[in-house]
Amino acid sequence: MDNAGLRAALLDWYDQGTRELPWRVRGGRPDPYAVWLSEVMLQQTTVPHATPYWLEFLRRWPTVSDLAAAEDGEVMSAWAGLGYYARARNLLACARAVAHDHAGVFPDTEEDLRALPGVGPYTAAAVAAIVFDRYAHVVDGNVERVVSRLFRIATPLPKAKTEMRARAAELTDPVRPGDWAQAMMDLGAMVCRPKAPLCDRCPVAGWCAAKAAGDQETYPVKTPKAARPRRYGAAYVMRRGGEVALVRRPSKGLLGGMLGLPTTDWTGERIDGVAEAPVAADWKRVGEIEHVFTHFSLTLEVWAAEARALEGAVWSRDVAGLPSVFLKAVRLASGHAAKRSSR
Ligand code: SF4
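None of the values given here were measured: they were computed from a predicted structure.

A. The arrangement of the pairing of strand β4 (residues 284–292) in detail. Where β4 and strand β5 (residues 297–306) come together, 8 bridges link them in antiparallel fashion. Paired with Val292 across the bridge in β5 is Ser297. What sits between the antiparallel neighbours β4 and β5 is a turn of 4 residues.

Written as structure tokens, this is what we have:
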């Protein structure tokens, strides 16, 4: 493949405009904190969904040292809705390491970035390339898709990742690695889309093996997914006046460290919601919600009652920052209460 010609075509396309993103600085050096934050938020999350969170984090914590000094609970609440809460815990651990061990200044090499807690190979490469213009191979889902089509990589994911990384490394522009990384990501997001890629507008169509063969959407080849297991449980909406009882979840495990509703364990069997309720009360079953986590689907019975006390609970009127599984449960209980009162 004529790598020099392909690089020139893609960078020329990138220079003509592509996407504007709030954390992107063309022709200058972006703030490493802002780029790192965007990269952590964008893992498993779309740009439109992550953008308001990114803006709010920068408003509340304008520097990495400000974030490092924040309370864990505040950051967890601000993260609610982005999912994958382990990332929020890693975010704080990394901010604190930068603030305390590096005097608030992000390291500027891939290797040193990789040594920070919670910073994986992808994030280290992305920050090194985008912020410091280091020669690094930045391979996200968009880049995997582009590379798999350019080279018609027939090995299914995830096994194909090694080959995809090697192919992406061959292509990386040695002179402008930061712009190269962003150009590849933009190509994947805007043109080489998962469905119906816009090959007529693609700057590298002339080099694309899948386009030549007419089977673009076959790539990347995926291993069929095993069905997600289902778990069952119950959540309890305990009200005292306008307040709801919330409990802090254990720091390790799913939604660790977050405030949430009291719940049973989530297991493979349906449970008896009244028998497992956290306190005796006049419990009403208001319905069920469905929620999908990465590794399982959850059917959660929702029970509601007026109650006076629950050991260890925080009574709050503000439920907007709860993880979405609990927000769904509170909304279901509120809708049920509203219907009852209008009868
Ligand atoms: Fe993707 Fe089509 Fe461009 Fe190939 S020609 S890289 S399939 S958009």
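B. Structural context of the packing of aromatic side chains. Tallying each qualifying case throughout the model produces 9 aromatic pairs. Residues Trp23 and Trp54 carry aromatic rings whose centres are separated by 5.3 Å and whose planes lie at 65 degrees to one another, so their mutual orientation is edge-to-face. Taken together, the residues span a long stretch of sequence, with Trp23 in the loop between α1 (3–15) and α2 (32–42) and Trp54 in helix α3 (residues 47–60) at a distance of 31 residues. Looking at Trp23, the relative accessible area reads 10%, which means it is buried. With a relative accessible area of 6%, Trp54 lands in the buried category. Ring geometry for Tyr236 versus Trp283: centroids 5.1 Å apart, planes at 70 degrees, classification edge-to-face. Separated by 47 residues along the polypeptide, Tyr236 in strand β1 (residues 230–240) and Trp283 in the loop between β3 (259–260) and β4 bring together distant segments of the chain. In this structure, Tyr236 and Trp283 share a single accessibility class: buried. Three or more aromatic residues joined by ring pairs form one cluster here, namely Tyr33, Trp36 and Phe106. Cation over ring: Arg26 sits above Tyr14, and NZ or CZ is 4.3 Å from the ring centre. Directly above the ring of Trp315 sits Arg240, whose terminal nitrogen or CZ lies 4.2 Å from the centroid.

C. How the structure looks around the side chain of Asp173. Mapped onto the fold, Asp173 is located in the loop between α10 (161–171) and α11 (177–191). Comment: no salt bridge for buried Asp173; closest opposite-charge side chain is Arg7, at 4.5 Å. In terms of polar contacts, Asp173 uses its side chain to reach the backbone amide nitrogen of Val175, at 2.9 Å. In this view, Asp173 contacts Arg7, Leu11, Tyr135 and Trp180; residues no more than four positions away in its chain are not counted.

Rules and cut-offs
- Residues numbered from 1 in each chain as written.
- Predicted model: local features only at pLDDT ≥ 70, side-chain atom pairs only at ≥ 80, totals over all residues.
- Heavy atoms only, no water.
- Pairing = 2+ DSSP bridges.
- Helix = DSSP H or I, 4+ residues; strand = E, 2+ residues; numbered from the N terminus.
- Phe/Tyr/Trp six-rings, centres within 6.5 Å; stacked < 30°, edge-to-face > 60°.
- Buried < 20%, exposed > 50% of the residue type's maximum accessible area, 1.4 Å probe, protein only.
- Lys NZ or Arg CZ within 6 Å of the ring centre and 35° of its normal.
- Lys, Arg positive; Asp, Glu negative; His and termini not counted.
- Salt bridge = Lys/Arg side-chain N within 4 Å of Asp/Glu carboxyl O.
- Polar contact = N/O pair within 3.5 Å; in protein donor to acceptor, adjacent residues only side chain to side chain.
- Contact = heavy atoms within 4.5 Å.

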